[in-house]
Amino acid sequence: MQSTRGQIGHWVMLHVAWCFFVACGPTPDDGPKKAPQVGGSAGPSATLHYFTWSDYVDEQLIEAFERKAGVKIVVDTFGSNEELLAKLQSGASGYDLAVPSDFMVSIMIKQGLLAELDLAKIPNSKLVLDWLQKLPFDPESRYSIPYLWGTVGIGYNSEVIASPPDSWTVLWDPRYKGKISMLNDQREVFGAALRSMGHSINAKDPRVIGEAKAKLVAQKPLVKTYSSETYHQLLAFGDVVLAQGWGGAVARAMAERPSIQYVIPKEGGTVWADCLVVLRTSRHRDLAMQFINYLLDSEVAARTTDRLLFASSNRESKDLVQSTIRENPAVYPPGAALDRLEWMADVGEAIRLYDRAWTELKLE
Amino acid sequence: MGAFFFLPLLLVLVISFASRGTYGGVEWSFSLANYATVADPLYLKIFLHSLVLALVATVLCLVLGFPLAYYIARLPVRWQGVWLLLVMIPFWTNFLVRTYAWIFMLRTEGLLNSLLIGSGLIDKPLEVLFSDTAVLIGLVYGYLPFMVLPLYAAIERLPRSVVEAAWDLYAPAWAVFWRVILPLTKPGVVAGCILVFIPSLGAFITPDLLGGARSMMVGNLIQHEYLVVRDWPFGSAVSFVLMGLVLTGLMAYLRTEETMNKPGEER
C-alpha cells in the first residue's frame, strides 16, 4: 500500500501548503506588526509604511521626520505604476501611503484603493502650485496631492546637433540614424508620434493609432534602443545624440556631459505628476497625512529637488533650490512650454490597440 | 515541496481562462479566447523568433562548452576543482549586474571596440550592442556554465581506454569523436542542451538590455502583458503555451529515446 500512503502524504502536504498560502495571502510579512492605534495620534512606536519609486527619497529627510515625529518609516519601492497597482490589487495591505503618477491616481480612485484626505491636517497643501490643483485625474483634490512633477521631452547632444531642435520630427531625421533612443514605454513612444502629427497623446481612434504606428515603423531603423533606464548614460557617453526622455534623467546626463541640452518640442510633450496618497487600508491615516505635510514643506521640498532633480509642487520651494538646478529647463521647463503640455490619461479599452501596435512595432 | 511547485502553476492555469477587466483586474468568466489570441500570427512570430534565438544559443554553447568540458575532465583531479570553480564564479555576481557589464564592453566606444581598433583589426567600430548578435552573446555567456557542468560530469565518466582503443584501431579523429566520444557522453549533451535551451527561450532581461528592446522574445511578451498591459489572463495563456511547447518537445525526445533503446534493438 506504499502508493496510497504516498498519496495521503501528498494531500496532507497540499493542505498544509494551502493553509500557509491562505494565511500569508492578505497580510505580507512586511506589514505592520503592531496593533493599530485608536483615534489617530500615534505613539512613539508607530511605524509608517511608505511605498514609493526606487531612488525617490532622501534618507536624511526621512530620518529628520522620524526624529521629529517619533515614528519609524519603512520605505519599500516599486519600478512602475503598473507594479504598484499589481501589488496593491493582489492584496498587499501593509502600506500606509504611496506615490502613484497622475493617470494611476484615477485608476486607484476607481478601484477604491485610496482614503479621502483631510486637507485641514495638511496645511502645506495650500502651497501647491495653482496649475497643479484640481487636475482631471482627481478633480476635487479629494484623494491626492501632487508631490514631484516633470516633463517628457528630448535630450540632445549640442556638440553634434548644432541647431537646437524644436520639433519631435527631429527624431525622424535620417542624419542621426543609429544615434536615437526612445523610451521603452508604449504610451510615451506613441505620444511622441501622435504629437508630431498634431494629435492628442490620449488618442483612442484606431485609425489615428494606426497612422502613428506606421510613423514609428518608419522611424525604427533610426532607433538604436528603446530604453527607459539607460538612456541618460548613453547620452552622456555619446552612444546616442538624441533621446526621448524624462527631464530629471536628462538633467543627470547634463551633470556628466555639459553639452547635453533639453527641449520640450513646439508640438508639446507629456507632463506628469507623482502624487502623495493615503491608502484605504492604512491604519495610521493621521500620521500618514502628517508625513505628507512634512514632504510638502517648502524647505524639505527644495532639498528633495536638489537631490532628485525633479521639481516640487510647492510654489515656494523653487527659490530655495540650488541656482543651477533652478535654471535648468530639464527640471523647471520655461513658462511658455507649460501651456503645450498634456496629461497622460487612462485610455480604457483602447489600451488594447496601443498594446497590439507596440508589439507589431517591436516585431518589424 | 510538490505543492509549492504546483499551486502557483494551477493558479496561472486558472487565470489563463479568465479575462481582463477594464482596469486590469481579472474577471472570472471561462473562455478560451486567450489561447485563440496566442495563435495570432503576430504572437506566433514572437515564438518563432525566440525558438530560433534559443536554438542558436544552445548550439553555440555546445560548440564552445564541449572542448572546455573535455579539457577540464582530462586535467589532473586537483586542477579540475579549480577550473570548475572558475566556471561557477560568475554565479556569485547578480545576473543583472553582469549583463550591464556587457553593455559597457559592447558599446560603440566600449572595451571590445577599443581593443579591436587598437590592434588594427578593424578601423570602424562594430555596432554590436542592441542587436540580436548582442542578445546571443548575452545568452551564451549567461548559460554556458549550465552546458559545461553536465558535459564535464559525462566526459569525466568516459573511460579513457575506450577512446584509446578507437585510436589503436586507426579510427580517424572525426570517427573517434562522432562514433565513440559523442554517443557515450550523450546524456551530458542532452542535459546541457535542455538546461541552456529552456531558460534561453524564456529570457527577458538579456533581450531588453543587450537587444535594446528593439524586438521581443516570449519572456518579454509575458512580462509586458503582466506588468504593462496588466492582462494577467493573456500573459498566463502565453506562459502555458510556452510550457506546453517545451514539455511536448521533451516528451517527443524521451519517446524516441525509448524506442531506440528497446532491448534487442540495441547495437
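A quick note: this is a predicted structure, and the numbers were derived from the prediction, not measured. Residue indices begin from 1 for each chain and proceed along its sequence in written order. Chains and ligands are labelled by the order in which they are written, letters from A for the one and numbers from 1 for the other. Only residues with pLDDT of at least 70 are given local features in this predicted model, and only at 80 or more are side-chain atom pairs given and counted; all residues enter the totals for whole chains, interfaces and linings. Calculation of side-chain values draws on the structure's entire complement of heavy atoms; hydrogens and water are dropped beforehand.

Draft legend 1. Seen up close, the side chain of A:Lys213. Mapped onto the fold, A:Lys213 is located in helix α6 (residues 206-219). Contacts were defined at the residue level, with two residues in contact if any of their heavy atoms lie within 4.5 Å. Setting aside residues up to four positions removed in sequence, A:Lys213 forms contacts with A:Phe190, A:Ala357 and A:Glu360. Per the convention used, a helix needs a DSSP run of H or I reaching at least four residues, while a strand needs a run of E reaching at least two, with both numbered from the N terminus.

Draft legend 2. Geometry of the nonpolar core. Nonpolar core, defined: a set of buried Ala, Val, Leu, Ile, Met, Phe, Trp, Tyr and Cys residues in which side-chain atoms within 4.5 Å join the residues together. Exposure categories follow from relative accessible area, calculated using a 1.4 Å probe and restricted to protein chains: below 20% of the type maximum is buried, above 50% is exposed, and the middle band is partly exposed. A:Tyr50, A:Met108, A:Phe291 and A:Ile292 are the most contacted members of the largest nonpolar core, which has 94 residues in total. Domain delimitation follows an automatic or database domain assignment. Built from parts of two domains, this core gets at least three residues from each of domain 1 (15-149 + 272-326) and domain 2 (151-271 + 334-363) of chain A. With near-sequence residues (within four places) excluded, A:Phe291 lies in contact with A:Leu48, A:Tyr50, A:Ile62, A:Phe65, A:Ile73 and A:Leu97. One finds A:Tyr156, A:Ile180, A:Val223 and B:Tyr43 within the second-largest nonpolar core, a separate group that totals 52 residues.

Draft legend 3. Main features of empty space enclosed by the protein. Residues are called lining when one of their atoms sits within 4 Å of a cavity or pocket point, these points coming from a 1 Å grid over the protein atoms alone, where a cavity is a set in which a 1.4 Å probe fits but cannot get out and a pocket is an open set with protein on both sides within 12 Å along at least five of seven lines. Grid points are joined across faces, edges and corners, and a volume is the space filled by probe spheres set on the points. In total, this model carries 4 cavities of 30 Å³ or more according to the counting rule given. Empty space within the largest cavity amounts to approximately 60 Å³. Lining the largest cavity we find A:Thr230, A:Gln233, A:Leu234, A:Phe237, B:Tyr100, B:Ile103, B:Phe104, B:Arg107 and B:Phe130. Mapped by element, the contributors of at least two residues to the lining of the largest cavity are α7 (231-237) of chain A together with α5 (95-106) of chain B. Tallied by class, the residues present in the lining of the largest cavity amount to 6 nonpolar, 2 polar and 1 charged. Polar here means any residue other than Ala, Val, Leu, Ile, Met, Phe, Trp, Tyr, Cys and Pro, which are nonpolar, and Asp, Glu, Lys and Arg, which are charged; Gly is therefore polar.

Draft legend 4. Region of interest: a nonpolar patch on the surface. All names here are of chain B. There is a patch of nonpolar side chains on the surface, built from Trp79, Val82, Leu85, Leu86, Met88, Ile89, Phe91, Trp92, Phe146 and Leu195 and spanning about 930 Å² of accessible area. With 5 residues, the top contributor of residues to the nonpolar patch is helix α4 (residues 77-88). One can find phenylalanine 146 in helix α7 (residues 132-156). Like charges are joined within 9 Å and nonpolar side chains (Val, Leu, Ile, Met, Phe, Trp, Tyr) within 5 Å, but only among residues with over 30% relative accessible area and no salt bridge; these make up the patches. Note on areas: Shrake-Rupley with a 1.4 Å probe; residue coverage comes only from the protein chains shown. Each salt bridge in this description consists of a side-chain nitrogen of Lys or Arg and a carboxyl oxygen of Asp or Glu lying within 4 Å of one another.

Draft legend 5. Representation of the pairing of strand β1 (residues 47-53) of chain A within the structure. All names here are of chain A. With 6 of 7 residues buried, β1 lies mostly within the body of the structure. Handedness of a crossover is defined as follows: orient the strands so they point away from the viewer, and if the path from the first strand over the helix to the second runs clockwise, the crossover is right-handed. For the handedness criterion, the β-α-β arrangement of β1, helix α2 (residues 59-69) and strand β2 (residues 72-78) is classed as right-handed. Here a strand pair is declared whenever DSSP counts at least two bridges between the two strands. Of the pairings in the sheet, the one linking β1 to strand β3 (residues 97-98) comprises 2 bridges and is parallel in character. By the bridge assignment for β3, tyrosine 50 is matched with leucine 97.

Draft legend 6. Highlighting the packing of aromatic side chains. Centres within 6.5 Å make a pair out of two Phe, Tyr or Trp rings, where for Trp the six-membered ring is used; the pair is then stacked when the planes are under 30 degrees apart, edge-to-face when over 60, and tilted otherwise. Inspection of the entire model under this criterion finds 26 aromatic pairs over all chains. Ring geometry for A:Trp131 against A:Trp149: centres 4.8 Å apart, planes inclined by 90 degrees, an arrangement best described as edge-to-face. Note that A:Trp131 is positioned in the loop between α4 (102-110) and β4 (144-157) and A:Trp149 in strand β4, a separation of 18 residues in sequence. A residue is classified by how much of its surface remains accessible, and A:Trp149, at 4% relative accessible area, is buried. When the ring of B:Tyr143 is compared with that of B:Phe146, the centres are 5.9 Å apart and the planes differ by 35 degrees; the resulting orientation is tilted. In this pair, B:Tyr143 and B:Phe146 both sit in helix α7, 3 residues apart, roughly one turn of the helix. Among the aromatic residues, ring-to-ring pairing joins A:Phe51, A:Trp53, A:Tyr56, A:Phe78, A:Tyr95, A:Trp272 and A:Phe310 into one connected group. Against the face of B:Tyr70 rests B:Arg74, its NZ or CZ located 5.3 Å from the ring centre. The criterion for a charge sitting over a ring is simple: Lys NZ or Arg CZ within 6 Å of the ring centre, and within 35 degrees of the ring normal. When the ring centre of A:Phe237 is taken as reference, the NZ or CZ atom of B:Arg107 above it lies at 4.2 Å.

Draft legend 7. The arrangement of the state of the cysteines in detail. Residue and element names in this part refer to chain B. Here, a disulfide means two cysteine sulfur atoms that sit within 2.5 Å of each other. Going through the model one piece at a time under the given rule, you end up with 0 disulfides over all chains. Free of any disulfide, cysteine 61 has its nearest cysteine sulfur in cysteine 193, 8.8 Å distant. On the accessibility criterion, cysteine 61 (0% relative accessible area) is buried.

Draft legend 8. Fine view of the packing of helix α5 (residues 186-196) of chain A against helix α13 (residues 351-363) of chain A. Residue and element names in this part refer to chain A. Between α5 and α13, whose axes approach to 10 Å, the crossing angle comes to 90 degrees. Comparing their axes, α13 and α5 come out roughly perpendicular. Contact with α5, carried on its side by Gln186, Arg187, Val189, Phe190 and Leu194, involves Ile351, Tyr354, Asp355, Ala357 and Trp358 of α13 and no other residues of that element. A per-class count over the contact of α5 with α13 returns 7 nonpolar, 1 polar and 2 charged. Where helices are involved, their axes are fitted lines through C-alpha atoms of the stretch in contact, as for all axes, and angles between N-to-C directions lie from 0 to 180°. Here the word oblique covers every angle except those under 35 degrees (roughly parallel), over 145 (roughly antiparallel) and from 65 to 115 (roughly perpendicular).

Draft legend 9. Inspection of the environment of A:Asp55 at higher detail. Residues and elements named next belong to chain A. Topologically, aspartate 55 is positioned in the loop between β1 and α2. Accessibility expressed as a relative area gives 42% for aspartate 55, which makes it partly exposed. In the structure, aspartate 55 is positioned 238 residues away from asparagine 293 in sequence and 21 Å away in space, judged by C-alpha atoms. In contact with aspartate 55, other than residues within four places in its own chain, are Arg252, Arg307 and Leu308. Separated by 3.5 Å, the side chains of aspartate 55 and arginine 252 make a polar contact. In protein, a polar contact requires one atom able to donate a hydrogen and another able to accept it; more generally it is a pair of N or O atoms within 3.5 Å, and residues adjacent in sequence count only if both atoms are side-chain atoms.

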